[in-house]
Amino acid sequence: MELGTKKNITLANGSKGYLFPFILIVSLFFLWGMAHNLNGVLIPHLKKACQLDNSQSALVDTSIFLAYFIMALPAGYLLRRWGYKLSIILGLIAFSIGAFLFIPAADHRMYELFLLALFIIGCGLAVLETAANPYAAILGKPEAATHRLNLAASFNGLAAMVAPILGTTFILSGKSFSESELNAMAEVERTAYLMEEASTVKAPYLVLGLILLLVAVVFIFVKLPEIKEEETNSEEVTKIGLFSVLRHKHLAFAVIAQFFYVGAQVCVTSFFIRMAQQGAGVDEKTAGYYLGVYGLLFMAGRFVGTFLLRYTTANRLLALYAFVCAVLAGVAVLGSGMVVLYALGGLGFFMSIMFPTIFSLGIVGLGKDTKQASSWLIMAIVGGAIFPYITGGIIDIAGDNTQFGYVVPFVCYLIILWFAQKGYKPVRL
């Protein structure tokens, strides 16, 4: 049975002239990809610079993804009230403020200030993603929404390659001392080493903050196509409630799948360097560059997935990728040597299409509910705050055995597989 009220979301000026706005939106996918994929370098780096255990270091992820949970619904309100353009500008400004806060955090080697900076970055990212994901999906022909969203997300994949390489080059020093070696140092020498480690984040985040401000200025002066919501009948529009949008069962299941997917992805990338060091026996710098290779495979998977969507359905491709990821996660847990790195690289390739595909499957046929649904799907990113902390705790309990912690993403992939086979199906109300 159809809903009594529907709206079609369309471009105010038709489908013409949306290429340049789409390019601008794609730049946002790249920028928030940089923020997320620097975390894979930040976690082992701040663990060393601030002398943390695995659970404490995972709070890097908790801070940024908790902000998604808190800001997702307010971001949806901002989007409905002020529209796409102003929401994007506000998100970019918040993102830049968080980046600039890395400078005093490093100067004082204050982990709490790093976490605050990451939380503010997360707030900005939540606003950006709440606006940009549906805007990319809507900015063109409806039947090509999944293809278009995967194309935009491919540049998020590009950032997955670029960010670890830049982070490894400019942030990681390659110097590592055991706890006994640090304790044997004179206090002045030990403090100088830790301050030097902390300070390497300042230049990269200063540059990032300046770029974000520049992009915000571009958005201020560039006119974006207006998105209109047009009623298809004359019946009264029902006000969207906070939870009423979840009456769409496929959306509710998409939110769950997104929660587990983001948790899995963040676990894999956040502990990648430690996993490469322990499982494959490589040094810190080499592990960091392998994280860049992982990002390259992630990007390649996005482009390949976008191509394959021309020949298969989104849910079938998602099911195939989720199954392969579950197998690879098992190999990462049980394997040894370079096979562990190969499995991690494979995870990058096969996880690549999951976020945009789950997102697009979740908003199928929602019409006027699309913006509210977008908030829920972005709020599900809180999985990235929860699962890495759990993984870090498991690793600590297992005697610093990073491989054992990868049972967490293994379970997550099984949930995604179920969604791709059963939970994605829209229910007509």
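Here the structure is a predicted model, which means the values were calculated and not measured. Every residue gets a number counted from 1 within its own chain, in the order that chain's sequence is written. Per-residue local features are limited, in this predicted model, to residues with pLDDT of at least 70; the limit for side-chain atom pairs, both in listing and counting, is 80 or more; totals at the level of whole chains, interfaces and linings are taken over all residues. In computing side-chain properties, one takes all heavy atoms of the structure into account and sets aside hydrogens as well as water.

1. Overview of the nonpolar core
Put simply, a nonpolar core is a bunch of buried Ala, Val, Leu, Ile, Met, Phe, Trp, Tyr and Cys residues held in one set by side-chain atoms that sit within 4.5 Å of each other. Exposure classes here rest on a 1.4 Å probe applied to the protein chains alone. A residue is buried below 20% of its type maximum, exposed above 50%, and partly exposed in between. In this structure, Leu28, Leu92, Tyr205, Phe219, Met351, Met354 and Tyr413 are the most contacted members of the largest nonpolar core, which totals 144 residues. Strands are runs of DSSP state E lasting at least 2 residues, helices are runs of H or I lasting at least 4, and numbering of each runs from the N terminus. Looking at this core, the element that brings in the most residues is helix α5 (residues 111-138), giving 18 residues. Shared between two domains, this core takes at least three residues from each, and those domains are domain 1 (19-225) and domain 2 (244-428). We call two residues contacting when some pair of their heavy atoms lies within 4.5 Å. Once residues within four sequence positions are removed from consideration, Leu28 is found in contact with Ile88, Leu92, Leu128, Ala132, Val215 and Phe219. An automatic or database domain assignment is the source of the domain bounds shown.

2. Side note on the side chain of Thr269
Residue placement: Thr269 occurs in helix α10 (residues 249-270). Those residues in contact with Thr269 that sit more than four places away from it in its chain are Gly40, Leu291 and Tyr294.

3. Remarks on the domain arrangement of the chain
For the chain, the domain assignment lists domain 1 (19-225) and domain 2 (244-428). Using only C-alpha atoms to locate each centre, domain 1 and domain 2 end up separated by 19 Å. Counting residues at the interface gives 51 residues for domain 1 and 49 residues for domain 2. Put simply, buried area is the surface a 1.4 Å probe can reach on two separate parts but cannot reach once they are joined, added for both. Interface area, domain 1 with domain 2, both sides summed: about 4,300 Å², of which 67% is carbon and sulfur.

4. Observations concerning unusual backbone geometry
Here Gln51, not a glycine, exhibits a phi torsion of approximately 55°, which is positive. Within the secondary structure, Gln51 is located in the loop between α1 (19-49) and α2 (54-57). Here Asp400, not a glycine, exhibits a phi torsion of approximately 65°, which is positive. In this structure, Asp400 sits in the loop between α17 (383-397) and α18 (407-423). The exposure class of Asp400 is partly exposed, given its relative accessible area of 33%.

5. Points about the confidence of the model for the chain
As a per-residue measure, pLDDT reflects the predictor's confidence and takes values from 0 up to 100. A residue-level look at the chain finds 91% of positions with pLDDT of 70 or above and a mean pLDDT of 86. Highest mean pLDDT in the chain belongs to helix α4 (residues 102-108) (96); lowest belongs to strand β1 (residues 7-11) (45). Low pLDDT, under 50, characterises residues 1-10; the stretch is placed with 38 contacts to residues that sit more than four places away or in other chains. This stretch, residues 230-240, has a pLDDT under 50; its non-local contacts, to residues over four places away or in other chains, come to 22 contacts.

6. Focus on the environment of Ile93
For Ile93, the location among the structural elements is in helix α3 (residues 59-100). Judged by its relative accessible area of 35%, Ile93 falls in the partly exposed class. Taking the C-alpha atoms as reference points, Ile93 and Leu78, 15 residues apart in sequence, are found 15 Å from one another.

7. Focus on the packing of aromatic side chains
Stacked, edge-to-face and tilted labels apply to pairs of Phe, Tyr and Trp rings (six-membered ring for Trp) whose centres lie within 6.5 Å, assigned for plane angles under 30 degrees, over 60, and everything in between, in that order. Taken as a whole, this structure holds 16 aromatic pairs when the rule is applied. Centroid distance Phe259 to Phe260: 5.4 Å. Interplanar angle 90°. Geometry classified as edge-to-face. The partly exposed category is assigned to Phe259, whose relative accessible area is 22%. Site record: aromatic cluster; members linked through ring pairs are Phe102, Phe114 and Tyr205.

8. A look at α3
One fewer than the residue count of a helix, multiplied by 1.5 Å, yields its expected span. Helix length check: α3, at 42 residues, gives a terminal C-alpha distance of 19 Å against a target of 62 Å (1.5 Å per residue), a shortfall beyond 12%. Most pronounced at Gly83, the bend in α3 amounts to some 125°. In this analysis the local bend is the angle between axes fitted, respectively, to the seven residues ending at and the seven residues starting at the residue.

9. Some thoughts on a nonpolar patch on the surface
A residue counts toward a patch only above 30% relative accessible area and without a salt bridge, and it is joined to like-charged neighbours within 9 Å or, for Val, Leu, Ile, Met, Phe, Trp and Tyr, to nonpolar neighbours within 5 Å. Accessible surface area values rest on a Shrake-Rupley calculation with a 1.4 Å probe, where residue burial reflects the displayed protein chains alone. One speaks of a salt bridge when a side-chain nitrogen belonging to Lys or Arg is within 4 Å of a carboxyl oxygen belonging to Asp or Glu. On the surface, Ile93, Ile97, Leu206, Leu210 and Leu213 cluster together to form a nonpolar patch covering roughly 390 Å² of accessible area. Secondary structure elements with two or more residues in the nonpolar patch: α3 and α9 (202-221). The greatest single-element share of the nonpolar patch, amounting to three residues, is contributed by α9. The exposure class assigned to Leu206 is partly exposed, which follows from its relative accessible area of 35%.

10. A look at the packing of α5 against helix α16 (residues 370-379)
Axis definition: a line fit to C-alpha positions, over the contact stretch in the case of helices; interaxial angles, taken between N-to-C directions, run 0 to 180 degrees. One way to put it is that α5 packs onto α16 with a least axis distance of 9 Å and a crossing angle of 130°. Accordingly, the angle class assigned to the pair α5 and α16 is oblique. Where α5 crosses over α16, the handedness of that crossing is right-handed. Contacts between α5 and α16 involve Ala126, Glu129, Thr130, Asn133, Pro134 and Ile138 on the former and, on the latter, Thr370, Ser374, Ser375 and Ile378. Side-chain classes follow a simple rule in which Ala, Val, Leu, Ile, Met, Phe, Trp, Tyr, Cys and Pro form the nonpolar group, Asp, Glu, Lys and Arg form the charged group, and the remainder, Gly included, forms the polar group. A breakdown of the residues in the contact of α5 with α16 according to their chemical character gives four nonpolar, five polar and one charged. Put simply, angles under 35 degrees are roughly parallel, angles over 145 are roughly antiparallel, angles from 65 to 115 are roughly perpendicular, and the rest are oblique. Left-handed describes a crossing in which the near helix is turned anticlockwise from the far one by less than a right angle; the clockwise case is right-handed.

11. Section: the environment of Leu341
With respect to the helices and strands, Leu341 occurs in helix α14 (residues 338-351). Each C-alpha atom, one on Leu341 and one on Phe272, is 8.9 Å from the other, the two residues being 69 residues apart in sequence. Those residues in contact with Leu341 that lie beyond four places of it in its chain are Phe272, Ala276, Ala280, Val282 and Tyr290.

12. Some thoughts on the side chain of Thr62
Tracing the sequence through the fold places Thr62 in helix α3. Looking at Thr62, its side chain comes within polar contact range of the main-chain oxygen of Ala385, at 2.9 Å. Beyond its immediate stretch of four places on either side in the chain, Thr62 contacts Gly384, Ala385 and Tyr389. Pairing of N or O atoms within 3.5 Å defines a polar contact, subject to two protein rules: one partner must be a possible hydrogen donor and the other a possible acceptor, and residues neighboring in sequence count only if both atoms are side-chain atoms.

13. Let's talk about the pattern of salt bridges
When charged atoms on two side chains of opposite charge get close, those side chains can pair. Evaluated as defined, the whole model comprises five salt bridges. Salt-bridge contacts for Glu196 lead to Lys175; the nearest nitrogen and oxygen are separated by 3.5 Å. Taken together, the residues span a long stretch of sequence, with Glu196 in helix α8 (residues 187-199) and Lys175 in the loop between α6 (145-170) and α7 (179-184) at a distance of 21 residues. You can call Glu196 partly exposed: its relative accessible area is 43%. For Asp400, the salt bridge goes to Arg274, with nearest N and O atoms at 3.0 Å. One end of the pair, Asp400, is in the loop between α17 and α18; the other, Arg274, is in helix α11 (residues 272-280), and 126 residues separate them in sequence.

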